[in-house]
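# What the coordinates show
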Amino acid sequence: MAINMRNNINLLSTLRVGGVTPNGGSKAKQRVESAIFSGYKAYPLLRCKTASNNQVLLMEIVTCFDDDAVCALQSGRGVGRGTRSFTIHGLWPQKGGNSVTNCAGTPFDFTKIAHLESDLNIVWPNVVTGNNKFFWGYEWNKHGICSESKFDKAKYFQTAINMRHNIDLLGVMRTGGIVPNGASKAKQRVESAISSHFGKDPILRCKTAPNGQILLTEIVMCFDDDGATLLHRNKARSNCAGSFIF
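Attention here is on the structure that accompanies the text. (Residues numbered from 1 in each chain as written. Predicted model: local features only at pLDDT ≥ 70, side-chain atom pairs only at ≥ 80, totals over all residues. Heavy atoms only, no water.)

## Regarding helix α8 (residues 187-198)
Taking 1.5 Å per residue, twelve residues should reach 16 Å; α8 reaches 17 Å between its end C-alpha atoms and fits that length. Taken together, the buried positions of α8 are K187, V190, E191, A193, I194, S195 and F198. Next to the buried residues of α8 lie α7 (169-175), β7 (184-186), β8 (203-208), β9 (214-220), β11 (230-231) and β12 (243-245). Trailing α8 by a residue or two, G199 shows a phi angle of about 75 degrees, which is positive. (Helix = DSSP H or I, 4+ residues; strand = E, 2+ residues; numbered from the N terminus. Expected span 1.5 Å × (residues − 1). Buried < 20%, exposed > 50% of the residue type's maximum accessible area, 1.4 Å probe, protein only. Contact = heavy atoms within 4.5 Å.)

Okay, structure coming up:
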């Protein structure tokens, strides 16, 4: 299976077609990403390391396949064709409608949530670098720690897992005829599908790809401090255009 993937994805050839050659010269990140997108209609993850002379070197290009291992690339940040489910970015306490961050409290300690690791690997992966434990620690130290008076580490992460299992956004969208096939979707239709099912409005977040396409990257849902009751969000806070790729 791995051999088939390698034979089907000739990254170096695709880069050469896009005018990017391995000659030791400086390359623009956007140009490399665009060359690969042009060839496969999906974005890669580029991984670099800093050499002893402080030069930043491209070391790896990560591509993501659907679980049948055919050439159905997903974008590097989990958005696009082949997406099976949404994963968690974070669980962020708020006060007065704004996130509170970097509070005083107990730093992240993985041993306190080790029993949740298998669940967290599925619902809360680091889709950028693959270093899940680092991501969980970052999110706790920046956000979770601010809710420590109500949720200790184990309860905080368990609450996030419960939220993810109880809010099946992709299932709701599919029921509303919205499937992740890499085609354009109307913002209003996505919002309506979610709000009609849950009775609460979401916030949609998008990013602009190197080719100028607007991609749906996140859907934000708001909970009361019981960790279970959904609240309305002001959908006007969405940064998405009237339509986007999903």
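## Side note on the pattern of salt bridges
One pass over the full model with this rule turns up two salt bridges. Between K153 and E148 there is a salt bridge, with the nearest N and O atoms lying 4.0 Å from each other. Under the relative-accessibility criterion, K153 is labelled buried at 7%. Close ionic contact of R205 with E218 constitutes a salt bridge, the shortest N to O distance being 3.3 Å. (Salt bridge = Lys/Arg side-chain N within 4 Å of Asp/Glu carboxyl O.)

## Observations concerning the nonpolar core
Core analysis: the biggest nonpolar cluster contains 40 residues, and W124, F157, M173, L216, I219 and M221 have the highest contact counts within it. Where this core is concerned, the elements lending two or more residues are α4 (117-123), α5 (132-142), α6 (153-166), α7, α8, β8 and β9. Here the element with the most residues in this core is α6; it accounts for five residues. Setting aside residues no more than four positions away along its own chain, M221 makes contact with I167, L169, I194, F198, P202 and L230. The next biggest cluster of nonpolar side chains, apart from the first, holds six residues, and it includes L11, V32, A35 and I36. (Core = buried A, V, L, I, M, F, W, Y, C linked by side-chain atoms within 4.5 Å.)

## What to know about the state of the cysteines
As enumerated under the stated definition, the model contains two disulfides in all. Here C103 engages in a disulfide with C146; their sulfurs sit 2.0 Å apart. An S-S torsion of about 100 degrees defines the bridge between C103 and C146 as right-handed. Of the two residues, C103 sits in the loop between β6 (98-99) and α4 while C146 sits in the loop between α5 and α6, which places them 43 residues apart along the sequence. For C103, a relative accessible area of 31% gives the class partly exposed. Here C206 engages in a disulfide with C240; their sulfurs sit 2.0 Å apart. With the S-S bond torsion at 100 degrees, the cross-link from C206 to C240 turns out right-handed. Separated by 34 residues along the polypeptide, C206 in strand β8 and C240 in the loop between β11 and β12 bring together distant segments of the chain. Taken as a pair, C206 and C240 share a single burial class, namely buried. (Disulfide = S-S within 2.5 Å.)

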